[in-house]
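Fold and geometry: a report
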Amino acid sequence: MDGPTLSVLERKTLLEMHEIEKSFPGVKALQGVSFKVRHGEVHGLVGENGAGKSTLMKILSGAYTADGGEIRLDGETITAPTPSDMIARGVAVIYQELAQAEHLSVAENLFMNRMPRGAFGRIDWRKLHHDAADAMMRLGFEIDPHLPISRLSVAQRQLVEIARAISQNAKLIVLDEPSAVLGDAELETLFDIIARLKAEGVSFIYISHRLKEIFELCQVATVLRDGKLIDSRQVRDWTTDTLIGSMVGRSIEDYFPARNADPGDEVLHVEGLTRKGIIRDIGFTLRKGEILGICGLAGAGRSEVLRAIMGADPIDAGTIRVHGSETKITHPRQAIQLHIGFAPEDRKTEGLFLNQAIRFNVTISRMKRFMRNGKLKLNEERKAVEGLVQQLRVKTPGIETMIGTLSGGNQQKCVIAKQLNAECDVLLIDEPTRGVDVGARREIYELMVDLVERRGLAVLMVSSELPEIIGMCDRILVMREGEITAELPRGASEEDIMRYATFH
Amino acid sequence: MASIDTDQQKKSGRLGFRMPKGLGLVWVLIGLCIVAALLSPAFLNPINLTNVMRQVALFGVVSVGMTFVILTKGIDLSVGSIIGVCAVTCALLFGMGLPVGVVMLLTLLAGVLMGAANGLGVAIGGVPPFIMTLGMMVMGRGLALTLADGQPISLGQRTRDFMWLGRGDFLGLPVPVWVFLIVAAIAIFVLRYTAYGRQIYAVGSNVEAARLSGINVKMVTFSVYLISGFLASLTALIFVSRLTVGEPTAGEGIELEAIAIAVIGGTSLFGGEGGVIGTIIGAAILAVLANIMNLIGVSPFTQQIVKGAIIVIAVLYEMWSKRRANK
């Protein structure tokens, strides 16, 4: 990677991913994705949530195995890559949630798995700290290698990961949405370092939602949508409009069901809801027959608002009124008794009992309906669940089927069936189409419209997909840093929302 | 009904009342009995069979409690020590000349209290079940030895009524077998037909989803240790009444037996799967196996090796069938 050869290297292809295919149960995550990264190039990868970016990068890192396709590094085809393989070949993927050993020092994290050894296999601590300080200095990072990782800021941790990648002779570094966790000044530092390493011939794949960064930093930008590669061009051949057009790829009017909003009485009223350091002074009113959206950047406190209302997290201040009467909710049980339902963001860890039957999952939060003299009437339960499964058109062999074997869309329908079984009239739904196949999303949207228009529910939904917020909601609350910064009417544009969601 | 069809054997959710593994286990048990009968004619002797049933009953009662705990993804290592404490307590109370009924109630109370201590530590204190009950196991054994001053305590002659519990027969079956059948029947009913039973499975399947579904996770967790403690003390009563001594070492090692029985019966150590029907069959399998080995003269040392291997094989089988289901 010496100076004189740089210009030649810059034109040569470093990485080629060819016709990559990957499916998960019920979801085609990637279909025939091919793209190239050259030496010394910063390659932007953009797309909406669920477009397949993370899956593609996990395949590149060896964490996932592709169902089909090829990965070539410097022209050499790599068969069945494993994570340690790919690291050895100079590919380093730095994820959003950093995989670091929190209690160990910076130096130990830097040289994990390859500690310098002395006699009898003893760790040579002096050399370790010396090498670590050296690695940091070479990159111009001012981080003390003795500090435990847990004492560093998120930005500093990112830098440690980059230093670790470089010290392992990484040729290609993947950064997964670093800006989501970094402040402006820290981002500036990161950009400087990327530019410097790029000049030394290191390549980057830079994943971000923020198009401004793509235009500032990258030479090439590639768009993924619904698991397919839509377009890959030099950055100078893209405009903001064409880039957004490729990412969204459909006109909103066709994709979302028509709404016929007719808000009725107030069902939920929130005032001054505060959880220190997380959300501050949240207030709004939700009416029967209405879909109210909450949007904002990751970390703005959207999901936390739902969790606070639900009693899943403790609150420090605020009042919640349900059907006009003030209530105190300190446990989800109370919220459910007040007929508030919750469909959490992460179905696998928070929403579902994966190894249990659909029947179990649908009725677990309210079995009173099927109790006679303290005995569960299994037949009545079965009839009720079968009715819901049919109404919601869940595709399953039967209600005893393990819910974990269903596709994302059908799982989400079961989560909604669970709220209907609990006779909820307020539904708090977090990322309604997360992990749902594109084809099945429309069904979820129709179901939500059905809930408010025919069943008289009120829906409060959180989503990080702006088209979904714009297409579905009657009103939109925009959050930034734990506060509501705007309430926008139906018909607001992405630009309107982004203006209130970001700093200006 | 377009989307519902009844051919759903393969991917069934695993609640206690749907025992895809249980059926297979019945065949294992029948097979073992046939092998036993072939290896030793003494196996089918009614006296021998009655002994096997006694064995099933004794381990079965405590294993039912263990099943409840394991269903919530917990473990109870202290049941053996609880039996020890209760055995000594029972003998001491008889020594004080208290009536049989009072002695039994107080002994059961001792077990319930120890179980409650486990439950508080795990559910409220957040101590991992393994550590909490390991501590209770050591403390309990120490307590039993202290109370008994290290010596077995004889019950003496005044306890004929009480001895019926361990030695008597009712309608041709030993009384402990009836006790076990009643305990198992109640447990099966609770797991299958009550909301509380479902909540036990829910807590073991996904504790966060359980909380968000409105389940009082702490209460459910607390309760299973209480139940386990209660059933251990019930086992202690049977023990003492059969042997007519309160031994401070009573129940030593029974926790491993109970875990083995639950696991062999298909209850998953990862929580949320299995049930008491499996536990009954598991207890029977282990008892028949021990009986065969005794009849053909396998040394007790070798028996331990076999038992240990069976536990590992049972878990390996579970992992293997799960991997296959996930394919």
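Quick notes on the rules
- Residues numbered from 1 in each chain as written.
- Chains lettered and ligands numbered in written order.
- Predicted model: local features only at pLDDT ≥ 70, side-chain atom pairs only at ≥ 80, totals over all residues.
- Heavy atoms only, no water.
- pLDDT = per-residue confidence, 0-100.
- Helix = DSSP H or I, 4+ residues; strand = E, 2+ residues; numbered from the N terminus.
- Contact = heavy atoms within 4.5 Å.
- Core = buried A, V, L, I, M, F, W, Y, C linked by side-chain atoms within 4.5 Å.
- Buried < 20%, exposed > 50% of the residue type's maximum accessible area, 1.4 Å probe, protein only.
- Pairing = 2+ DSSP bridges.
- Axes fitted to C-alpha atoms, helices over the stretch in contact; angles between N-to-C directions.
- Salt bridge = Lys/Arg side-chain N within 4 Å of Asp/Glu carboxyl O.

A few words on the confidence of the model for chain B. Residue and element names in this part refer to chain B. Chain-level pLDDT for chain B is 88 on average; 91% of the residues reach the 70-or-more range. Helix H6 (residues 160-167) is the least confidently modelled element of chain B, averaging 79 in pLDDT, while helix H5 (residues 129-148) averages 96, the highest of any element. A low-confidence stretch, residues 1-22 (pLDDT under 50), is modelled with 57 contacts involving residues beyond four sequence positions or located in other chains.

Turning to the nonpolar core, a few remarks are in order. Core analysis: the largest hydrophobic core is formed by 102 residues, its most contacted members being Val64, Phe68, Phe162 and Ile215 of chain B. In terms of residues, this core owes the most to one element, helix H2 (residues 46-71) of chain B, which gives 13 residues. When sequence neighbours within four positions are dropped, the list of residues in contact with Val64 of chain B reads Phe180, Val183, Ala187, Leu231, Val276 and Thr279 of chain B. Counting residues in hydrophobic clusters, the runner-up holds 48 residues, among them Phe256, Ala343, Ile416 and Leu427 of chain A.

One key point about sheets: their strands pair by backbone hydrogen bonds, in either a parallel or an antiparallel sense. Residues and elements named next belong to chain A. Pairing is mixed in the open sheet, where 6 strands are placed in the order S6-S7-S8-S3-S9-S10. One side of each edge strand has no neighbouring strand; the edge strands of this open sheet are strand S6 (91-94) and strand S10 (228-234). The sheet shows a mean angle of 15° between the axes of neighbouring strands, taken without regard to direction. As defined by bridge partners, S6 adjoins strand S7 (residues 172-176) across 4 bridges and the pair is classed as parallel.

Residue and element names in this part refer to chain A. For the structure on display, the rule yields 36 salt bridges over all chains. Linking Arg275 and Asp313 is a salt bridge whose minimum nitrogen-to-oxygen distance equals 3.3 Å. Here Asp313 lies in the loop between helix H11 (302-310) and strand S14 (317-322) and Arg275 lies in strand S11 (residues 266-275), a separation of 38 residues in the sequence. Its relative accessible area of 23% is what places Arg275 among the partly exposed residues. Accessibility expressed as a relative area gives 13% for Asp313, which makes it buried. Asp450 is the partner of Arg454 in a salt bridge, and the nearest nitrogen-oxygen pair spans 2.5 Å.

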